[in-house]
Amino acid sequence: MFWRKNGHKSETATAEQSPQAVIDVRDIAKVYKMGDIEVHALRGVVMKVYEGEFLSIMGPSGSGKSTLMNILGCLDQPTSGEYYLDGEAVSKLSESDLARVRNKKIGFVFQSFNLLKRTSALRQVELPLIYGGEGGRSKRAKAALEAVGLGNRLDHLPSELSGGQQQRVAIARALVNEPAMILADEPTGNLDSRSGTEVMQIFQRLNREQGITVVFVTHDPWIARHTNRIVMLRDGKIITDRPVPHPLVAGEAERPSEADEMESIFKETYYGGDKQEYN
Ligand SMILES: Nc1ncnc2c1ncn2[C@@H]1O[C@H](COP(=O)(O)OP(=O)(O)OP(=O)(O)O)[C@@H](O)[C@H]1O
Ligand SMILES: [Mg+2]
């Protein structure tokens, strides 16, 4: 499935062009060894994510979401199986090569923002460019902050910004290196619903207008319905992987009551409308 239909680039993408898989994960397993005990955190995950997709990973606690994100983000290696990131085989790379790939190709956004306390917004966003030894830092950092609507907050410290604004600084920092994809671990988990909506608007805009690939973990079905595809993990395996019918536009629809929300997400997305399948 190729998700460019709402983005600028869709106008230039033709049916003949085969889309590039940004993520191509082939039968990966992850076993944590703790003394004599083995924990099988991932058991044969197969997944492809194409350029321009916006995907959420859901699943109960302990189902392997963070383990998978760590591998996708080149923070950890699978025990077996292969991972091609943007065409490059990364599952056998050394630590230092992995760090290089990570810095160049992946932007991370965390639940707790992970900003430096005494550092201005502009400087926070310049940091990945400094580590990467890149030029034109201040101009590029400023452009990234403008892209998330913070062009008028360049000199603010995190304590002088709202939670939603702090998360937007973190998104700008993830973007500034022009990564192949953004990985976000519960990016709205610490935000009130209004700030959560602001952050979703940014992600949707980056995805739709610039075709940026976004993968994130969420426990919130309402948030997941704003993405184009939901992958559901259970016990280290993908149990469903489905497109979201009519993804919501952030800020347009009102959040329904929990019951309606659960009902529709299960019906439409996880189980294709067949109630018999879940209990
Ligand atoms: N470093 C580790 N060492 C040993 N076991 C681990 C380690 N990290 C995770 N696990 C185990 O692997 C399984 C998957 O964990 P993971 O953190 O990926 O779950 P998760 O889906 O992210 O859960 P949550 O929603 O609670 O964050 C769990 O059983 C967990 O206890
Ligand atoms: Mg987790």
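For the structure, see preceding data.
This section reports on the structure supplied with the text. Quick caveat, the model's predicted, so the values are computed rather than measured. (Residues numbered from 1 in each chain as written. Chains lettered and ligands numbered in written order. Predicted model: local features only at pLDDT ≥ 70, side-chain atom pairs only at ≥ 80, totals over all residues.)

With that settled, consider the overall build of the protein chain. Within the protein chain, the regular secondary structure consists of 8 helices and 10 strands. Relative to its full complement of 279 residues, the protein chain shows a buried share of 37%. Excluding contacts between residues fewer than 6 apart, the proportion of contacts in the protein chain whose partners are at least 24 apart in sequence is 69%. (Helix = DSSP H or I, 4+ residues; strand = E, 2+ residues; numbered from the N terminus. Buried ≥ 20, exposed ≤ 12 C-beta atoms within 10 Å, placed from the backbone. Contact = placed C-beta atoms within 7 Å.)

Right, let's get into the site of ligand 1. Taken together, Y32, M34, V39, A41, G59, S61, G62, S63, G64, K65, S66 and T67 form the complete shell of residues around ligand 1. Looking at the shell around ligand 1, the elements with two or more residues in it are β1 (21-34), β2 (37-50) and α1 (65-72). No other element matches the 3 residues that α1 contributes to the shell around ligand 1. For the shell around ligand 1, the per-class residue count stands at 4 nonpolar, 7 polar and 1 charged. (Near = placed C-beta within 6 Å. Nonpolar A, V, L, I, M, F, W, Y, C, P; charged D, E, K, R; others polar.)

As a further point, take the packing of helix α3 (residues 121-131) against helix α4 (residues 137-147). Taken N-terminus to C-terminus, the directions of α3 and α4 make an angle of 120 degrees; their axes are 9 Å apart at the nearest point. Between α3 and α4, the angle falls in the class oblique. In this structure, the crossing between α3 and α4 has a hand that is right-handed. Between α3, through A121, L122, V125, E126, L129 and I130, and α4, the contact on the second element is made entirely by R137, S138, R140, A141, K142, A144 and L145. Each residue belonging to the contact of α3 with α4 can be placed in one class, and the counts come to 8 nonpolar, 1 polar and 4 charged. (Axes fitted to C-alpha atoms, helices over the stretch in contact; angles between N-to-C directions. Parallel < 35°, antiparallel > 145°, perpendicular 65-115°, else oblique. Left-handed = near helix turned anticlockwise from the far one by under 90°.)

Here we come to the nonpolar core. V125, L145, A172, L183, V214 and V215 are the most contacted members of the largest nonpolar core, which has 62 residues in total. Not counting residues within four places of it along the chain, the set of residues in contact with V125 comprises A141, A144, L145, V169, A172, R173 and V176. (Core = buried A, V, L, I, M, F, W, Y, C linked by C-beta atoms within 7 Å.)

Now for the environment of L68. Along the chain, the position of L68 falls in helix α1. For the pair L68 and P78, spaced 10 residues apart in sequence, the C-alpha separation works out to 8.8 Å.

Turning our attention to the sheet that holds strand β10 (residues 237-243). Ordered by their spatial adjacency, 6 strands build an open sheet running β6-β7-β8-β3-β9-β10, and the pairing between neighbours is mixed. Looking at which strands have only one partner, the edges of the open sheet turn out to be β6 (106-109) and β10. Neighbouring strand axes in the sheet, compared pairwise and without regard to direction, differ in orientation by 20 degrees on average. Sheet topology places strand β9 (residues 229-234) next to β10; 6 bridges connect them, and they run antiparallel. Directly across from M232, in β10, lies its bridge partner T240. (Pairing = 2+ DSSP bridges.)

All quantities given are derived from atomic positions and should not be read as evidence of function.
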